[in-house]
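# A closer look at the structure
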Amino acid sequence: MTEFKESISSTLCQQFGFYEEQRLQRLRLLDLTDDEKVNAETLIEEVIAPNITDIVDEFYSKLIEDPTAQEFISDAELLNRLKKIQSNYLLNLGINFNTETYFESRLRAGLAHAWVGLPLVTYQCGYYIQQKIIIHYIKSMVDEHKVDALTNFLLKIIALDMSLAIESYHGLQIQGLSQSLDNMQDRHRQLQKKASIDSLTGVLTRGEILENLDQCIKQAKEKSQRLSIIMVDIDFFKNINDKFGHQIGDHVLKQMTNRFKSAI
């Protein structure tokens, strides 16, 4: 998530690889041509703008029936903010759909919903609910000869918006999983190091030494190499503990370890 916020200046289109050719490819896939810009204007002027309040109210009335969605619409103030956002979104639906700015806004919408934790399935179903409501208004508001053209355009532009939003939503989730995996691996390495290093002296534990020794012996045999081992003991160390106490004994162990390291 942090990486997305920090690199937002590079545009989301660049981050997700939506350069001009990739944008055109997505539009071709959905059969969205420049000729349909007029359908976008007609849809806004004759259907959405005159009924924006009713459309948004119906959308949230239907959406709030889902228990999962209810968790994200907890109070009236939040609901009003969401309605304003939804209104702005609908009043720009499909306008200049072939531009980088349009792609950018739809990718940003996906990130916003991922950041607040809205489940992807609820997000997808929300597009369907909105689409169904607008189709109802198309059939009741415009001339009969425009219904098919506007309905087909609506299906295409909703598909475009949803594909972009889900792409960024999914991208943020993948990044979060990747970050969690990195954190787990770091933690695993820390635990491994903690388990293999003696906390007092900072050198390998007995178990780790024996494991390394076993590997060295195997390697020496495989390569027919000689292997030398130096074993060092502190004379009369028990007397130090008995006479001066274990704290002094620990201090001696630390000092001896440092001298061994220095000599090596």
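Small disclaimer: the values here were computed from a predicted structure and weren't measured.

### Remarks on the overall build of the protein chain
Of the regular secondary structure elements, the protein chain holds 13 helices and zero strands. Counting helices and strands in the order they occur from the N terminus, the protein chain gives α-α-α-α-α-α-α-α-α-α-α-α-α. Within the protein chain, the fraction of its 264 residues that count as buried is 31%. Across the protein chain, every contact between residues at least 6 apart in sequence was considered, and the portion connecting residues at least 24 apart equals 73%.

### Comments concerning the nonpolar core
Core analysis: the biggest nonpolar cluster contains 48 residues, and L43, L93, I134, I138, L154, I157 and L160 have the highest contact counts within it. In contact with L154, other than residues within four places in its own chain, are L43, L93, Q131, I134, I135 and I138.

### Description of helix 9 (residues 120-141)
Between the first and last C-alpha of helix 9 there are 32 Å, a value that for 22 residues agrees with the 32 Å anticipated at 1.5 Å per step. Buried residues of helix 9: T122, Y123, G126, Y127, I129, Q130, Q131, I133, I134, I135, Y137 and I138, and no others.

### Quick look at helix 4 (residues 37-48)
Over its twelve residues, helix 4 extends 15 Å from the first C-alpha to the last, a length consistent with the 16 Å expected when each residue adds 1.5 Å. Among all positions of helix 4, only N39, A40, T42, L43, I44, V47 and I48 are buried.

### Some details on the pattern of salt bridges
In the structure shown here, the tally under the stated rule is twelve salt bridges. Residues K156 and E36 are paired through a salt bridge, measuring 2.9 Å at the closest nitrogen-oxygen approach. Of this pair, K156 sits in helix 10 (residues 144-196) while E36 sits in the loop between helix 3 (20-29) and helix 4, and the two are 120 residues apart along the sequence. For E36, a relative accessible area of 10% puts it in the buried group.

Scoring rules and cut-offs
- Residues numbered from 1 in each chain as written.
- Predicted model: local features only at pLDDT ≥ 70, side-chain atom pairs only at ≥ 80, totals over all residues.
- Heavy atoms only, no water.
- Helix = DSSP H or I, 4+ residues; strand = E, 2+ residues; numbered from the N terminus.
- Buried < 20%, exposed > 50% of the residue type's maximum accessible area, 1.4 Å probe, protein only.
- Contact = heavy atoms within 4.5 Å.
- Core = buried A, V, L, I, M, F, W, Y, C linked by side-chain atoms within 4.5 Å.
- Expected span 1.5 Å × (residues − 1).
- Salt bridge = Lys/Arg side-chain N within 4 Å of Asp/Glu carboxyl O.

The analysis is restricted to geometry; functional conclusions fall outside its scope.
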